[in-house]
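Residue strings, one per chain:
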Amino acid sequence: MQIQPAPDDNTDNPAEVPIKTEVKPASPEEQRVAADIVRRLKWPVVQELFEALCSATTTTGCELVVLRDPPADANHACRYEVLFILRADIDPCYGNMYDSPGSIRRGQESDQAIIDRILSIELDGVETTAIYHVLYNLFQPKRGQELTKLHVTLVRGEYKPKPGREWFPLDRPPINTLDHHQVMARQILEWLVDHDLINGD
C-alpha cells in the first residue's frame, strides 16, 4: 500500500524531542580505528554493533502506528486502540518495553520499502485504510539519535495479534512504553483531532 502525505501538514521539518543520555566520547585515535572498521561493514551486523552505530550516528527509521476501532466489550472510552509490541527482555536498551511496529532503514531502502516490510511482518493480508505520513521526529532516546518518520493506518479487517503484540487505548499506553513511543501516541492523538482521514477509505 502506497504511503500518502497528510494534506495541510508540514512533514518536512522534524520535531525535536530530546531524551538523551550522555556517554564518554571516543578519542581521535579510537575514532580513526572505528572509521576503518565501519568502511568494511556490510548489512546485517551483529546486535552489539548495531546498537553502537545507533548511539554514534543519526539513524533513520519508519514507525507505523496501527490503530483499530475498539471491540464492543472494550472497558474504556477512547475512540481508537493502538497496537504495541513487547520487546524481548534480552534487548540491551529496550528490554520488556512496548513500542510501535517500525524499523531502521537497511542500506538504501526507500520509505515505501520499509513500510512494506513492516506490513508483511505485522499485518500480512489484513485490510487497512491508507497509510499516512504524519510527521518527522528527531528523537534522542537511550539507543541514540534517531530521525523517525511517523505513519498511521487503521485496521479494517479481522486481525489477531501475534505473540508479544497487544491492543491498548491510544490515550493510555502501558507504563512500560518507550518514552519516545509515548510521545508518538500523543502526536497521533493530536493529529486525529485535526484530520478525519483515518476514517476514510
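Things to note about the pattern of salt bridges
- The tally for this structure, following the rule as stated, stands at 11 salt bridges.
- As a salt-bridge pair, arginine 172 and aspartate 171 come within 4.0 Å of each other at their nearest N and O atoms.
- Overall, the relative accessible area of 47% leaves arginine 172 in the partly exposed class.
- For aspartate 171, a relative accessible area of 42% gives the class partly exposed.

A look at the packing of aromatic side chains
- Counted by the stated rule, this structure contains four aromatic pairs.
- Aromatic side chains tyrosine 98 and phenylalanine 168 sit 5.1 Å apart centroid to centroid with 75° between the ring planes, which places their arrangement in the edge-to-face category. Note that tyrosine 98 is positioned in strand E5 (residues 98–99) and phenylalanine 168 in strand E9 (residues 165–169), a separation of 70 residues in sequence. The two residues tyrosine 98 and phenylalanine 168 agree in class, both being buried.

Structural notes on the environment of asparagine 176
- Here asparagine 176 shows up in the loop between E9 and helix H4 (179–194).
- Contacts of asparagine 176, omitting those with residues within four sequence positions, involve Leu86, Asn96, Met97 and Tyr98.
- There is a polar contact of 3.0 Å between the side chain of asparagine 176 and the backbone oxygen of asparagine 96.

Focus: the environment of aspartate 89
- By the secondary structure assignment, aspartate 89 is in the loop between strand E4 (81–86) and E5.
- Sequence-distant contacts of aspartate 89, defined by excluding residues within four places in its chain, comprise Gly95 and Asn96.

Section: helix H3 (residues 111–122)
- Its 12 residues place the ends of H3 17 Å apart at the C-alpha level, agreeing with the 16 Å of an ideal helix rising 1.5 Å per residue.
- Along H3, the positions that sit buried rather than exposed are Gln112, Ile114, Ile115, Arg117, Ile118, Leu119 and Glu122.

Criteria and thresholds
Residues numbered from 1 in each chain as written. Predicted model: local features only at pLDDT ≥ 70, side-chain atom pairs only at ≥ 80, totals over all residues. Heavy atoms only, no water. Salt bridge = Lys/Arg side-chain N within 4 Å of Asp/Glu carboxyl O. Buried < 20%, exposed > 50% of the residue type's maximum accessible area, 1.4 Å probe, protein only. Phe/Tyr/Trp six-rings, centres within 6.5 Å; stacked < 30°, edge-to-face > 60°. Helix = DSSP H or I, 4+ residues; strand = E, 2+ residues; numbered from the N terminus. Contact = heavy atoms within 4.5 Å. Polar contact = N/O pair within 3.5 Å; in protein donor to acceptor, adjacent residues only side chain to side chain. Expected span 1.5 Å × (residues − 1).

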